[in-house]
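Coordinate inspection notes
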Amino acid sequence: LTTDFGTRDGYVGAMKGVLAREAPDAVVVDVAHDVPRHDIAHAAWVVATACREFPSGSVHVVVVDPGVGGARRGVVVACGGSWYVGPDNGVFAYLGEVSAWQLPVAEHVVSPTFHGRDVFAPAAARLARGESVGGDRVALAGVLPWGARRAGTGRVVHVDRYGNLVSDLPAAEAGARVSIAGRTLAVQTTYENVGVGEVVAYVGSAGTVEIAVREGRADTTLRLARGADVLPG
Amino acid sequence: LTTDFGTRDGYVGAMKGVLAREAPDAVVVDVAHDVPRHDIAHAAWVVATACREFPSGSVHVVVVDPGVGGARRGVVVACGGSWYVGPDNGVFAYLGEVSAWQLPVAEHVVSPTFHGRDVFAPAAARLARGESVGGDRVALAGVLPWGARRAGTGRVVHVDRYGNLVSDLPAAEAGARVSIAGRTLAVQTTYENVGVGEVVAYVGSAGTVEIAVREGRADTTLRLARGADVLPG
Amino acid sequence: LTTDFGTRDGYVGAMKGVLAREAPDAVVVDVAHDVPRHDIAHAAWVVATACREFPSGSVHVVVVDPGVGGARRGVVVACGGSWYVGPDNGVFAYLGEVSAWQLPVAEHVVSPTFHGRDVFAPAAARLARGESVGGDRVALAGVLPWGARRAGTGRVVHVDRYGNLVSDLPAAEAGARVSIAGRTLAVQTTYENVGVGEVVAYVGSAGTVEIAVREGRADTTLRLARGADVLPG
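Residues numbered from 1 in each chain as written. Chains lettered and ligands numbered in written order. Predicted model: local features only at pLDDT ≥ 70, side-chain atom pairs only at ≥ 80, totals over all residues. Heavy atoms only, no water.

**Details of the relation of the copies chain C and chain B**
- Aligned on chain B, chain C shows an RMSD of 0.0 Å; the corresponding rotation is 120° and the shift along the axis is 0.0 Å. Interpreted geometrically, this transformation is the action of a three-fold axis.
- A distinct binding surface is used by each copy, with only 12% of the interface residues of chain C retained as interface residues in chain B. (Least-squares fit on C-alpha atoms with pLDDT ≥ 70 in both. Contact = heavy atoms within 4.5 Å.)

Spelled out as structure tokens, the structure:
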């Protein structure tokens, strides 16, 4: 489960109740519930980097859904032998090669504001039980503001809790140096190669270049946000 | 488990340790741990709306307990085929029809400040194992500041993470329009019926009227809090 | 699992994915993920007080690790019949009598910044499957700023979500009164022995003296932090 519901209200609990009721043998795992409100791009990165560690056959439910009840459709996505259920608004944009099906919505049983409980959790329960959820084959329509990456270029795609700037520039394309906001940085192997408070580039846990400030925050120190260019050289 | 313990200290972990030790076959589910500190009414709404989604036979533990170690008693509550364990301070006020029993406290083994670990978790473990927890039958004494709802009227009973104002006015009593703080609002079927930043009323996931600001916060925009009237028409 | 990863990024989820893949029969329990960033002493207290409630044979993973990828080593610690896995930086300082082994790191497969996913979770999975993780026997090197406690003295070692000041002074050494920052306080049996807003000392859930302000925060009221003396009398 990945949501922006936080853990102060009952929304996550209600989804878990549905899953306990409709798929009692499924093991339910919290991936992240404090995704910033309505931040589709943040959720997309969390889903892509965390969910790929799970074993094949997992069912992932993603609910970061500012347009709930409106025109955006719900989808079931197959990727790498696992299932993903959620809104087609961009939260699956970093998964890579996928197949997707539109999720049928039984209008009469559904809250217009809580598809997590009434649409996505029941669909995930059916998948966890080994059943099909039906629906037409579709191409995903949800996109992120910065579009797809061009080879040889990168952008900051995620800012984590520590203020680290995570790019989508793969290590193999970066080489020994990267430039960001007019600075050129050597790609280091560990934070400890620079002093406390200094800026450091390194290959992060996603296999892409990240920019950090040792024991500090790169986002505020460099005044950079998502979308900033991270280029080889 | 629903608590105001947060997830920075070891309190939730200690309760889970007790449950792992004393009811090793039980599946432990986090409902919400970031209930605002000592906010009994907040917890009461979370419990009522989230726990009712769980299958019959579940055991729910609620620890939002500013009077721990004092005069308030612990209780076991039966409602809808499931069990609820916690302090009798109002956290079960929205459950509806219940039966309740006072929880015996073995004074000599108990921390005066952590009944979650020393009283409520052990009682829940016994219930999960199918055992009885004994104690005298009692009527719940805990009440919320605004008392019981009168038919044809409603109040804001919960403000969620998004700043949405959740009332206890059922959709069937509200009809097509509601009034709140001098405004009259049509009850819409989705947020997308109004523009970004506009106020919208709709039937929320609890089946009651909610007031939101599309992609904004109704609590700060309308300067309203719990207890505010939400009336039909 | 105890970390400072928070629940907005995918780091906790990635660790859970590794555990689901490599130890599918293990039950994974969240102890605390909102440990303040890089706060080793905070984590040490959470681990010592929460993990001791779990049944013997448990495997605890602790990732609060400002020096990840640098000189500090990873360790496996045996204590009280359970296992602890994490960095040797002080997070195990409150466990008491332990045995420890250095965790071998396969340099070529490991992210320099995410040993939680690439070193500690896989080691925990092997322990959960009943396998050995090898490595040389070592003495723990990680220490906290205030060193070990001397009998008859205590310090504030933890400040919890509520602003309560938790000391390491055992109840048996404290007796009927304690002094802190020039105040002498009777050790009470419950918060309710003092008025709202007053300072109260009592024996907390760890069996040590705590200082609180009833329905307030002792840390801000008394302007005290970790390391402050809490003395008998």
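Now that the structure has been shown, the text picks up again.
**Here we look at the side chain of Thr153 of chain C**
All names here are of chain C.
- By secondary structure assignment, the location of Thr153 is in the loop between β6 (137-138) and β7 (156-159).
- From its side chain, Thr153 meets the backbone oxygen of Arg150 in a polar contact 2.7 Å long.
- When neighbours within four sequence positions are excluded, Thr153 is seen to be in contact with Leu169, Glu173, Val230 and Leu231. (Helix = DSSP H or I, 4+ residues; strand = E, 2+ residues; numbered from the N terminus. Polar contact = N/O pair within 3.5 Å; in protein donor to acceptor, adjacent residues only side chain to side chain.)

**With respect to the interface of chain C and chain B**
- In this assembly, 32 residues from chain C lie in contact with 33 residues from chain B.
- Summed over both partners, the interface of chain C with chain B comes to about 2,500 Å²; 48% of that surface belongs to carbon and sulfur atoms.
- Contact with chain B buries surface across chain C, with Glu53, Arg161 and Tyr162 of chain C losing the most and accounting together for 30% of the total.
- Where chain C meets chain B, there are two salt bridges.
- For Arg117 of chain B, the salt bridge is made with Glu53 of chain C, and the minimal N-O distance between the two is 3.5 Å.
- The interface formed by chain C and chain B holds 16 residue pairs in polar contact (both at pLDDT 80 or more) in total.
- Counting residues per element, the ones that place at least two in the side of chain C that touches chain B are α2 (40-51), β7 and β11 (199-203) of chain C. (Buried area = accessible area lost by both parts, 1.4 Å probe. Salt bridge = Lys/Arg side-chain N within 4 Å of Asp/Glu carboxyl O.)

**Regarding unusual backbone geometry**
- If you check the backbone angles, Glu215 of chain A has positive phi at about 55° while not being a glycine.
- Counting through the fold element by element, Glu215 of chain A comes out in the loop between β12 (208-213) and α5 (218-221).
- For Arg223 of chain C, which is not glycine, the phi dihedral falls at a positive 50°.
- Looking at where Arg223 of chain C falls in the secondary structure, it is placed in the loop between α5 (218-222) and β13 (231-232).

**Some words on the pattern of salt bridges**
- Counted according to the given criterion, the structure contains 39 salt bridges over all chains.
- Ionic pairing is found between Arg72 of chain B and Asp65 of chain B, a salt bridge with its closest N-O pair at 2.6 Å.
- With a closest N to O distance of 3.6 Å, Arg8 of chain C and Asp9 of chain C form a salt bridge.
- Residue classification places Arg8 of chain C among the partly exposed residues on the basis of a relative accessible area of 24%.
- Linked by salt bridges that have partners in common, Arg21, Glu22, Arg117 and Asp118 of chain A together with Glu53 of chain B make up one network. (Buried < 20%, exposed > 50% of the residue type's maximum accessible area, 1.4 Å probe, protein only.)

**Quick notes on helix α1 (residues 11-22) of chain C**
- Here α1 of chain C is 12 residues long and its end C-alpha atoms lie 17 Å apart, about the 16 Å a rise of 1.5 Å per residue gives.
- Burial analysis of α1 of chain C places nine of its 12 residues in the buried class, the great majority of the element.
- Packing partners of the buried residues in α1 of chain C comprise α2 (40-51) of chain A together with β1 (2-3), β2 (59-63) and α3 (115-128) of chain C. (Expected span 1.5 Å × (residues − 1).)

**Topic: the interface of chain B and chain A**
- Opposite the 31 residues of chain B that make contact, chain A presents 32 residues.
- Interface area, chain B with chain A, both sides summed: about 2,500 Å², of which 48% is carbon and sulfur.
- Considering only the side of chain B, the residues that lose the most area to chain A are Glu53, Arg161 and Tyr162 of chain B, jointly responsible for 29% of the buried surface there.
- Summed over the shared surface of chain B and chain A, the result is two salt bridges.
- The interface formed by chain B and chain A contains 16 residue pairs in polar contact (both at pLDDT 80 or more).
- At four residues, helix α2 (residues 40-51) of chain B tops the list of elements feeding residues into the side of chain B that touches chain A.
- When the residues that make up the side of chain B that touches chain A are grouped by side-chain class, the tally is 14 nonpolar, nine polar and eight charged. (Nonpolar A, V, L, I, M, F, W, Y, C, P; charged D, E, K, R; others polar.)

**Section: the sheet that holds strand β4 (residues 82-87) of chain C**
Residue and element names in this part refer to chain C.
- Taking strand neighbours across the sheet as the criterion, the six strands line up as β1-β2-β4-β3-β5-β6 in an open arrangement whose pairing is mixed. The open sheet has two edge strands, β1 and β6, and neither has a second partner.
- Two strands pair when backbone bridges link them, and strand β5 (residues 99-102) and β6 are joined in this way by two bridges, in the antiparallel orientation. Its bridge partner being in β6, Ala100 is matched across the sheet by Val138. (Pairing = 2+ DSSP bridges.)

**A short note on the sheet that holds strand β2 (residues 59-63) of chain B**
Residue and element names in this part refer to chain B.
- Ordered by their spatial adjacency, six strands build an open sheet running β1-β2-β4-β3-β5-β6, and the pairing between neighbours is mixed. Two strands close off the open sheet at either side, each with one partner strand: β1 (2-3) and β6 (137-138).
- Sheet topology note: the strand β3 (residues 74-79)/strand β4 (residues 82-87) ladder contains six bridges and is antiparallel. Residue Val77 lies in a different strand from β4, and its bridge partner there is Tyr84.

**With respect to the relation of the copies chain B and chain A**
- Here chain B sits on chain A after a turn of 120° about the axis and a move of 0.0 Å along it, with an RMSD of 0.0 Å.
- A low fraction, 13%, of the interface residues of chain B reappear at the interface in chain A, so the copies pair through non-equivalent surfaces.

**A few points about α2 of chain B**
All names here are of chain B.
- End to end, α2 covers 16 Å across 12 residues, agreeing with the expected 16 Å (1.5 Å per residue, within 8%).
- The element α2 is extensively covered by neighbouring structure, given that 12 of its 12 residues are classed as buried.
- Every buried residue of α2 is accounted for by Ile40, Ala41, His42, Ala43, Ala44, Trp45, Val46, Val47, Ala48, Thr49, Ala50 and Cys51.

**As for the packing of helix α1 (residues 11-22) of chain A against helix α3 (residues 115-128) of chain A**
All names here are of chain A.
- Direction vectors running N to C along α1 and α3 enclose 35°, while the axes themselves pass 9 Å from each other. When the axes of α1 and α3 are compared, the crossing they make is right-handed. Across the interface between the two elements, Ala14, Met15, Val18, Leu19 and Glu22 of α1 pack against Gly116, Arg117, Ala121, Pro122, Ala124 and Ala125 of α3.
- For the contact of α1 with α3, the residue count by class is eight nonpolar, one polar and two charged. (Axes fitted to C-alpha atoms, helices over the stretch in contact; angles between N-to-C directions. Left-handed = near helix turned anticlockwise from the far one by under 90°.)

**Focus on the packing of aromatic side chains**
- Tallying each qualifying case throughout the model produces 18 aromatic pairs over all chains.
- For the ring pair Trp83 of chain A and Trp101 of chain A, a centre distance of 6.1 Å and an interplane angle of 55° mean the geometry is tilted. Residue Trp83 of chain A is found in strand β4 (residues 82-87), and its partner Trp101 of chain A is found in strand β5 (residues 99-102); the two are separated by 18 residues along the sequence.
- For Trp83 of chain A, a relative accessible area of 29% translates into the label partly exposed.
- Owing to a relative accessible area of 24%, Trp101 of chain A belongs among the partly exposed residues under this scheme.
- With centroids separated by 5.3 Å and ring planes inclined at 85°, the aromatic side chains of Trp45 of chain C and Tyr94 of chain C adopt a geometry described as edge-to-face. In this pair, Trp45 of chain C sits in helix α2 while Tyr94 of chain C sits in the loop between β4 and β5, placing the two residues 49 residues apart along the sequence. (Phe/Tyr/Trp six-rings, centres within 6.5 Å; stacked < 30°, edge-to-face > 60°.)

**Focus: the environment of Val75 of chain B**
Residues and elements named next belong to chain B.
- Counting through the fold element by element, Val75 comes out in strand β3.
- The buried category is assigned to Val75, whose relative accessible area is 0%.
- Taking the C-alpha atoms as reference, Val75 lies 26 Å from Gly227; in sequence the two are 152 residues apart.
- Not counting chain neighbours up to four residues away, the residues in contact with Val75 comprise Tyr84, Val85, Gly86, Pro87, Asp88, Phe92, Trp101, Gln102, Leu103, Val138 and Leu140.

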